[in-house]
Amino acid sequence: MIRNLIFDIDGTLLDSVDLHAEAWAEAFREFGITVPPGEVRTQIGKGGDQLMPVFVPKERLEREGETIEQFRSRLFTDKYLPKVRPFPGVRALFERLKAEGHVLALASSGKADEVERYQEIAGIRDLVDVATNSDEAERSKPHPDIFEAALKRLGHPHRGQAVVIGDSPYDAEAARKAGLPAIGVLCGGFPEAQLGEAGCIAIYRDPQDLLDGYDRSPLRRGLP
């Protein structure tokens, strides 16, 4: 059994990807940058440090990047965060995993207060052993920093004793760079083929599907 499970949050546990995309698109419009939410959505899973360079010219990013990110953060908290809901089965999945002896970690590119709020929305605060945030990572996904921070908090478990569960190819890429296998979920909206190409060893529809298939999953049976 793989003991240490490192979960992404947005798009994996919470139905928030579209809301993040809309918040970024609205923030960009505020600064005169027109980007359709659909285009932004393909980049959700990255932190602002990796997402903004895709849409903002380098010179302007150096000049206004921090201001844009601060505006986006306030906008998301005030307007979009109240709309975030957990995917089906999140609480029940975490209860089952704890009962089976797993250690549960959260690794998010979100800020510390966002990660705290996310645990409340998902109803899992009492079940989480470790929660990292953007303050603990110099670079966001697809860089491995946030997963490396989670591994450090978990006491650097032996190879084969930790796995990442995420919804985006950026999760899988970051996991690979950190020396971790990744399990994908489709509820964040990324195509199954894209998650497979990124290296996911197994793919499930959502947390409920992972719970339903737990006994046959790599989480229970170990790595292939």
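Below you will find a few notes about this structure. (Residues numbered from 1 in each chain as written. Predicted model: local features only at pLDDT ≥ 70, side-chain atom pairs only at ≥ 80, totals over all residues. Heavy atoms only, no water.)

A look at helix α1 (residues 17–30)
Defined as follows: Secondary structure is summarised from DSSP: a helix means a run of H or I of at least four residues, a strand means a run of E of at least two, and numbering begins at the N terminus for each. A helix's residues, less one, multiplied by 1.5 Å, set its expected span. Only protein chains enter the calculation, and the probe is 1.4 Å; a residue is then buried if its accessible area is under 20% of its type maximum, exposed if over 50%, and partly exposed in between.
The first and last C-alpha atoms of α1 sit 20 Å apart over 14 residues, in line with the 20 Å expected at 1.5 Å per residue. Extensive coverage of α1 is indicated by the burial of 10 of its 14 residues. Residues of α1 that are buried: Val-17, Leu-19, His-20, Ala-21, Ala-23, Trp-24, Ala-25, Glu-26, Ala-27 and Phe-28. Immediately beyond the C-terminal end of α1, within one or two residues, lies Gly-32, with a positive phi of roughly 75°.

Observations regarding the nonpolar core
Here is the rule: The nonpolar core is taken to be a set of buried Ala, Val, Leu, Ile, Met, Phe, Trp, Tyr and Cys residues, with the residues joined through side-chain atoms within 4.5 Å. Only heavy atoms enter the contact rule, under which two residues are in contact if any of them lie within 4.5 Å.
Residues Leu-5, Phe-7, Phe-94 and Leu-106 are the most contacted members of the largest nonpolar core, which totals 39 residues. With near-sequence residues (within four places) excluded, Leu-106 lies in contact with Phe-7, Ile-9, Leu-13, Phe-94, Gln-119, Ile-124, Val-128, Val-130, Ala-131 and Thr-132. Counting residues in hydrophobic clusters, the runner-up holds 24 residues, among them Ala-107, Phe-147, Ala-150 and Ala-175.

Quick word on the environment of Glu-95
Residue placement: Glu-95 occurs in helix α5 (residues 90–99). Counting along the chain gives 31 residues from Glu-95 to Asp-126, while the straight-line C-alpha distance between them is 9.8 Å.

Description of the sheet that holds strand β7 (residues 182–185)
For the record, the criterion: The pairing criterion for strands is at least two bridges between them, as found by DSSP. Here an axis means a line fitted to C-alpha atoms, over the contact stretch when the element is a helix, while the angle between two N-to-C directions is reported on a 0 to 180 degree scale.
As summarised here, the arrangement of the 6 strands in space is β5-β4-β1-β6-β7-β8, forming an open sheet in which the pairing is parallel. Edge positions in the sheet fall to β5 (130–132) and β8 (202–204), since each of these pairs with one other strand and no more. On average, each strand axis in the sheet is inclined to that of its neighbour by 20°, with strand direction left out of account. In this structure, β7 lies alongside β8, joined through 3 bridges in parallel fashion. By the bridge assignment for β8, Val-185 is matched with Tyr-204.

Examining the pattern of salt bridges
The following threshold applies: Just to be clear on terms, a salt bridge is a Lys or Arg side-chain nitrogen sitting within 4 Å of an Asp or Glu carboxyl oxygen.
Per the stated rule, a full pass over the model turns up 20 salt bridges. Measuring nitrogen to oxygen at the nearest pair gives 3.1 Å for the salt bridge that ties Glu-69 to Arg-72. Of this pair, Glu-69 and Arg-72 both sit in helix α4 (residues 58–80), 3 residues apart, roughly one helical turn. Judged by its relative accessible area of 15%, Glu-69 is buried. For Arg-72, a relative accessible area of 6% corresponds to the buried category. Residue Arg-125 pairs with Glu-116 through a salt bridge whose shortest N-O separation is 2.6 Å. Relative accessible area serves as the criterion here: at 37%, Arg-125 is assigned to the partly exposed category. The partly exposed category is assigned to Glu-116, whose relative accessible area is 38%. Linked through salt bridges whose partners overlap, the residues forming this network are Glu-116, Arg-117, Glu-120 and Arg-125.

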